[in-house]
Each structure stands twice: as structure tokens, then as C-alpha cells.
Amino acid sequence: MTLADSVTQWYDINARDLPWRVPGTSAWAVLVSEVMLQQTPVVRVTPAWHAWMERWPTPADLTQDPPSEAIRMWGRLGYPRRAMRLHACAVAIVERHGGRVPDDLDQLLALPGVGTYTARAVATFAYGQRHPVVDTNVRRVVSRAVAGDPDAGPATTTADLAAMAELLPIEPARAARASIAFMELGAIVCTARSPRCGVCPFEQVCAWHQSGAPAPAGPTRKTQKYAGTDRQVRGLLLEVLRHATGPVPRQRLDTVWADEVQRARALSGLVTDGLVEPLDSDADRFVLAGDHPPRFPPLS
DNA sequence: AACGCGTGGAG
DNA sequence: TCTCCAAGCGT
């Protein structure tokens, strides 16, 4: 039995019951889930996805609201640029594709915030096409089971896709099933920290497990700091702006971080990224992108 | 090809 | 506490 067959059988029994996997889920709903899942765990995505889909069931619905609403709806999922890009994505889908999420890989790739993984995930899981779909889970599973390496190195798209293509069944529906199964295995069994080899369908054939499941060799990749970085300051600034019911005076934003230089850099970064806009020409009040009056009617 | 980009939970 | 890391993308 092939690895794909083996993991698919395992998936049939052990797959989590995730809402975007329900048959008949729209391509838009799949796309939203994939973007939310970029670097954010399932447990935090699930409620946000339900709320988002209820409010904006189609791309056209989302385009009826400004990006600021998408950023607010994003809540604390992290990397709020994704919310902005998802909004831009909806606009592009309406403008270029008549409001329907494209099924063509290159057209998907051309959408804002849609990269190699997400484009292939949508084409595969929403449209049933046969493409290698390689995320961090798949890279780890293949790295261990096939190559015998404890961890996959940095993503090397071309090689990873080629390696995965070798493992996929020919029939598109079965290939799609195998891809989601590999991902699921990496997510809940062949995990980064403490893999549960005892319940893994690959236990008897896994090159890594057969060689004693050695720990990674040299120094792991350097851990990224958060506390004290611009990212933290951006998060604090955005937190204020998300909850604001009107334009936020610069003075208010000044309270979130003591270091003036860093604070100014973080704010200008948010403006550069398009998440935040100065409301006045002298930049003493700020709003989330698109949050212009008449949302905030003048007091008069 | 590294790096910047949020947030919160687990070990 | 602190470190790691969770279905990446864009530059």
C-alpha cells in the first residue's frame, strides 16, 4: 500500500470535523479558511471563520464594507495584513472574475495574499483538482517518513512540490483526499514538538522512526523575538484603532508605547502597509483603512 | 534568501 | 518564566 493510501485510510477515521471541510463548502469559504489558517491555529480560526462567513457569505458581500471592517472582524487572529489582503482579494475576485473565486491556479496566485500554498489548497480542496499541496505539515511528514530527517528545512517550493507530486494518486479526487490527509497527519500526529508515533499509520515505514527518531542535529533556526519589537508596538496601536468609534487623536496613540522613535516608526509602517490612514493632512488623527467619514459624521 | 509581520496556548 | 510554534505571504 502506498503512503497516500495509508494516510487516506487513517484520515477517513481520524479526521477532525472542521466546518470548512463540510461537503458543499463554497470556494470563498475555503479561501477564507486558508487565509485565516496562515500561521494561526485551528482553535482560534474556527469561531472567527463562522463569524466572517455569516457576515460576508460571498466576495461581493465583503466589498460592500471598507477594509476597516475586515480588520475589525479579524479580531486577534494576528497578522492583520491578511484581513486587508482578503478584502483586496474580494475586490479582485469581483472585478476580474465576476465575483466567483477562480479555479485556475495562476489566477488564484495573482490574488492578493494568495501564495503557492493557498492557491493550491483552494484549487484542490474547493475545486477537486490534482495539485501537490505543500504546507509546513506536509513538509515535516514527508521529511520524516521519506527522507528520515527530523525536520524539514526552509521551504524550497519547487523541490517540495516535486517530492509531493510523486506521492499523489493519479485520480484528482483521491489526490485531493491524500493531500488533506497528509496535512492532517502532520497537524495532529506527526507534530513538530512531540509526535505521537504510536498512533501513526506510517510507524512501520517511517524512515525517521526506523532510525530511532533522532532529534534535530545542529542549532535550530533562531527564535524570533516579539516583546519590544515594532510588531508589538504595531499590535498595540492597532488594538486601539480597532476599538475606536471615531478618529483617534495622535495623542491617544502616543500612550501605547513610551519610545517615541519606535512608536512613530511603527505607526508609519502601518500607514505604509495600508492598514491605517491619517485622517487629516497634518496627520494628527488616524483611522483604520477606509474608515472615512461619513462613518464618522462631524460633530458640527 | 532571509526577514518582517501578531497573537496566544502548550510544555 | 520563557521558548517554541501554529494550513504563509511579500519583498
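What this report covers is the structure whose coordinates are included nearby. Owing to the predicted nature of the structure, the values given are computational and were not obtained by experimental measurement.

Definitions and limits used
- Residues numbered from 1 in each chain as written.
- Chains lettered and ligands numbered in written order.
- Predicted model: local features only at pLDDT ≥ 70, side-chain atom pairs only at ≥ 80, totals over all residues.
- Heavy atoms only, no water.
- Helix = DSSP H or I, 4+ residues; strand = E, 2+ residues; numbered from the N terminus.
- Buried < 20%, exposed > 50% of the residue type's maximum accessible area, 1.4 Å probe, protein only.
- Contact = heavy atoms within 4.5 Å.
- Areas by Shrake-Rupley, 256 points an atom, 1.4 Å probe, with all protein chains shown as cover.
- Core = buried A, V, L, I, M, F, W, Y, C linked by side-chain atoms within 4.5 Å.
- Domains from an automatic or database assignment.
- Pairing = 2+ DSSP bridges.
- Axes fitted to C-alpha atoms, helices over the stretch in contact; angles between N-to-C directions.
- Expected span 1.5 Å × (residues − 1).
- Near = heavy atom within 4 Å.
- Polar contact = N/O pair within 3.5 Å; in protein donor to acceptor, adjacent residues only side chain to side chain.
- Nonpolar A, V, L, I, M, F, W, Y, C, P; charged D, E, K, R; others polar.

## Let's talk about the overall build of chain A
So, point 1. Across its full length, chain A holds 15 helices and three strands.
So, point 2. Projected onto the principal axes, the alpha-carbon positions of chain A cover approximately 75 × 45 × 30 Å.
So, point 3. Evaluated residue by residue, chain A yields a buried proportion of 43% over its 300 residues.
So, point 4. Long-range contacts, defined here as pairs at least 24 residues apart, represent 62% of the contacts in chain A between residues at least 6 apart.
So, point 5. Summed over all atoms, the accessible surface of chain A reaches about 15,400 Å², with 55% contributed by carbon and sulfur.

## Topic: the nonpolar core
So, point 1. If you look at the biggest cluster of nonpolar residues, it comprises 54 residues, and the most contacted ones within it are Trp-28, Met-36, Trp-52 and Val-276.
So, point 2. The leading source of residues in this core is helix H2 (residues 27-36), at eight residues.
So, point 3. Among the domains, domain 1 (3-210) and domain 2 (230-288) are the pair contributing at least three residues each to this core.
So, point 4. Setting aside its immediate chain neighbours within four residues, Trp-52 contacts Trp-28, Val-32, Met-36, Leu-62, Ala-70, Met-73, Trp-74 and Leu-86.
So, point 5. Of all hydrophobic cores here, the second largest spans 29 residues; its members include Ala-121, Val-141, Ala-175 and Phe-202.

## Side note on the sheet that holds strand E1 (residues 248-249)
So, point 1. Reading across the sheet, the three strands line up as E1-E3-E2 and stay open at both edges, with antiparallel pairing between neighbours. Both outer strands of the open sheet, E1 and strand E2 (276-278), are each paired with one neighbouring strand and no more.
So, point 2. The pairing of E2 with strand E3 (residues 285-288) spans three bridges and is antiparallel. Bridging across to E3, Val-276 finds its partner in Leu-288.
So, point 3. Set on the sheet, helix H13 (residues 230-243) makes contact with E1, E2 and E3; between it and E3 the angle comes to about 80°.

## Observations concerning helix H1 (residues 3-14)
Since the α-helix turns once every 3.6 residues, residues separated by three or four places project in the same direction.
So, point 1. Along its 12 residues, H1 runs 16 Å from first to last C-alpha, staying within 8% of the 16 Å computed at 1.5 Å per residue.
So, point 2. Of the residues making up H1, those classed as buried are Ala-4, Ser-6, Val-7, Thr-8, Trp-10 and Tyr-11.
So, point 3. In this fold, the buried residues of H1 make contact with helix H10 (157-167) and helix H11 (172-188).

## Observations regarding the protein's contact with DNA strand C
So, point 1. Near DNA strand C, the surroundings consist of 28 residues, among which Gly-113, Thr-118, Asp-135, Asn-137 and Thr-223 are the closest.
So, point 2. Sugar and phosphate atoms represent 68% of those atoms of DNA strand C found within 4 Å of the protein.
So, point 3. Here Asp-135 contributes a side-chain N or O atom positioned 2.7 Å from a sugar or linking oxygen of DNA strand C.
So, point 4. Within the side chain of Arg-193, a nitrogen or oxygen atom sits 2.8 Å from a base oxygen of DNA strand C.
So, point 5. Of the residues that constitute the surface near DNA strand C, the class distribution is 10 nonpolar, nine polar and nine charged.

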